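# Summary of structural features
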Amino acid sequence: MLTGKKILVGVTGSIAAYKSAFLVRELIRLGADVRVVMTPASREFITPLTLSTLSKNPVAVDFVKPETNGQAGEWESHVELGLWADLFIIAPVSANTLSKMVTGQCDNLLMATYLSAKCPVWIAPAMDLDMYKHPSTQENLTKLTAQTIRVIDPTSGELASGLDGKGRMQEPEEIADQIDAWFNPASKLRGKKILITGGPTYEAIDPVRFIGNHSSGKTGVILADACANRGAEVLLITGPTQQRVKNPRVKVIAVTSADEMMKTVEQNWFDCTVGIYSAAVADYKPEFAAGEKIKKTDDRLTLNLVKNPDILKWAGLNKKKDQYLVGFALETENELENGTKKLVAKKLDLLVLNSLKDAGAGFGHDTNKVTFIKPNNKTATFELNEKTVLMNRLLDEIEHDL
Ligand code: PMT
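Quick caveat: nothing in here was measured; it's all calculated off a predicted structure.

Reading the values: the criteria
Residues numbered from 1 in each chain as written. Predicted model: local features only at pLDDT ≥ 70, side-chain atom pairs only at ≥ 80, totals over all residues. Heavy atoms only, no water. Buried < 20%, exposed > 50% of the residue type's maximum accessible area, 1.4 Å probe, protein only. Helix = DSSP H or I, 4+ residues; strand = E, 2+ residues; numbered from the N terminus. Contact = heavy atoms within 4.5 Å. Disulfide = S-S within 2.5 Å. Phe/Tyr/Trp six-rings, centres within 6.5 Å; stacked < 30°, edge-to-face > 60°. Lys NZ or Arg CZ within 6 Å of the ring centre and 35° of its normal.

What follows is about helix H10 (residues 258-268). Buried within H10 are the following residues: Ala258, Met261, Met262, Thr264, Val265 and Asn268. Looking at the buried side of H10, the elements it contacts are strand S8 (193-198), strand S9 (203-204), strand S11 (233-238), strand S12 (250-254), strand S13 (274-277) and helix H11 (311-317).

Structure representation (structure tokens):
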């Protein structure tokens, strides 16, 4: 996460300037405080209004604040901007701005800010392949690298000119990822594959009706987002939910029944280092799902239920040495005793216990009250708190154990 981090995004005149909107959005999503400084030329490619709306801050373009037109003597302070930032990323940086950075030519606000900045400066070049290959551009990049400026290499592919080659600005998600990794180098989850189950399962009675439960799927989505924010590669296998995953780094597979969830877990568990099974899986399903809607003819209707596969138990029995397995337990009585039994029976490294007896805990709420149980009866109980906070605390615990 980039919470509390101040990031200044510089935008220069390049077709890739549209990507800076996605970069700003991604940095905001990661919790950063974002401000934007643009060169006059970049306004031909993207409007300050777009970037101020996304960054939730006014965008700096001119030396004179536009609202005062210099009448009140109000100047845009490049010094203040340069000192404010924890990191200055110029994305895209054009060949023109690269050259100005080398010579110190200060003919716009972005350049004045660059020369005043005390923080690390990163650049993400974007230009046509021949401009990028040109010895002058390469020499400029070498000189800037020598000044400890970090260059995020462009990628190869189709360019705005229609030519194919190296010069495309790196994707905004990748840049944000690199910034996140730079500010949070310690996350052990970075690059790890994590499987998460979430939501309820629905077990069909007939084409209209099902047996289900009250899980909203919030916990699964929160976990998936939090893991992705730590740089993990996440697969969320979720039962029916209204929750939406906003993080592009999370792959979602939507399932309905326990059998479908089981099959998807079987296909993916062995590739993962960590599994967090938060789904509320129905323990039983109707032995047969009627092909047509059951008619209301008799006073009584008896459904024969059969056991569903225990997905978490299967994952525990098939766990490899280097895999870390987390299960959840939702109890209504003898919570600690029942939770501990599940930890042992399902061969878990950690169990997250929550109880329906606690107000504000369990299904549907944004909050929960949980106890972590680990082998050898080690427990840690947390007060009622936001699910986001508690699930991040869970990830800290997993990182500690890995
Ligand atoms: O989705 P929310 O509204 O945010 O609610 C979150 C939650 C209450 C669903 C979550 O915090 C939670 O407690 N999830 C587990 C609910 C549950 O089914 O508990 P259980 O004690 O019945 O199951 C124990 C564990 O075995 C769970 O990890 C469960 O995913 C797993 N299990 C259970 C049965 C089964 N057939 N297969 C399983 O894998």
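This paragraph deals with unusual backbone geometry. With omega at 5 degrees, the peptide bond leading from Ala91 into Pro92 counts as cis. Secondary-structure assignment places Pro92 in strand S3 (residues 87-93). The phi angle at Lys56 is positive, at roughly 65 degrees, despite the residue not being glycine. Of note, Lys56 is situated in the loop between helix H2 (48-55) and helix H3 (78-84). Classification of Lys56 by relative accessible area gives exposed; the value is 64%.

The tally for this structure, following the rule as stated, stands at zero disulfides. Free cysteine: Cys106, not disulfide-bonded; nearest cysteine sulfur from Cys119 at 16 Å. Classification of Cys106 as partly exposed rests on a relative accessible area of 40%. With relative accessibility at 12%, the residue Cys119 sits in the buried group.

Before going further, it helps to examine the packing of aromatic side chains. Taken as a whole, this structure holds seven aromatic pairs when the rule is applied. Taking 3.8 Å as the distance between ring centres and 10 degrees as the angle between the ring planes, the aromatic pair formed by Tyr202 and Phe210 counts as stacked. In this structure Phe210 comes out as partly exposed when scored by relative accessible area, which is 41%. Ring pairs connect the aromatic residues Trp122, Trp182 and Phe183, which therefore count as one cluster. A cation over an aromatic ring shows up here: Arg35 above the ring of Trp84, its NZ or CZ 5.0 Å from the ring centre.

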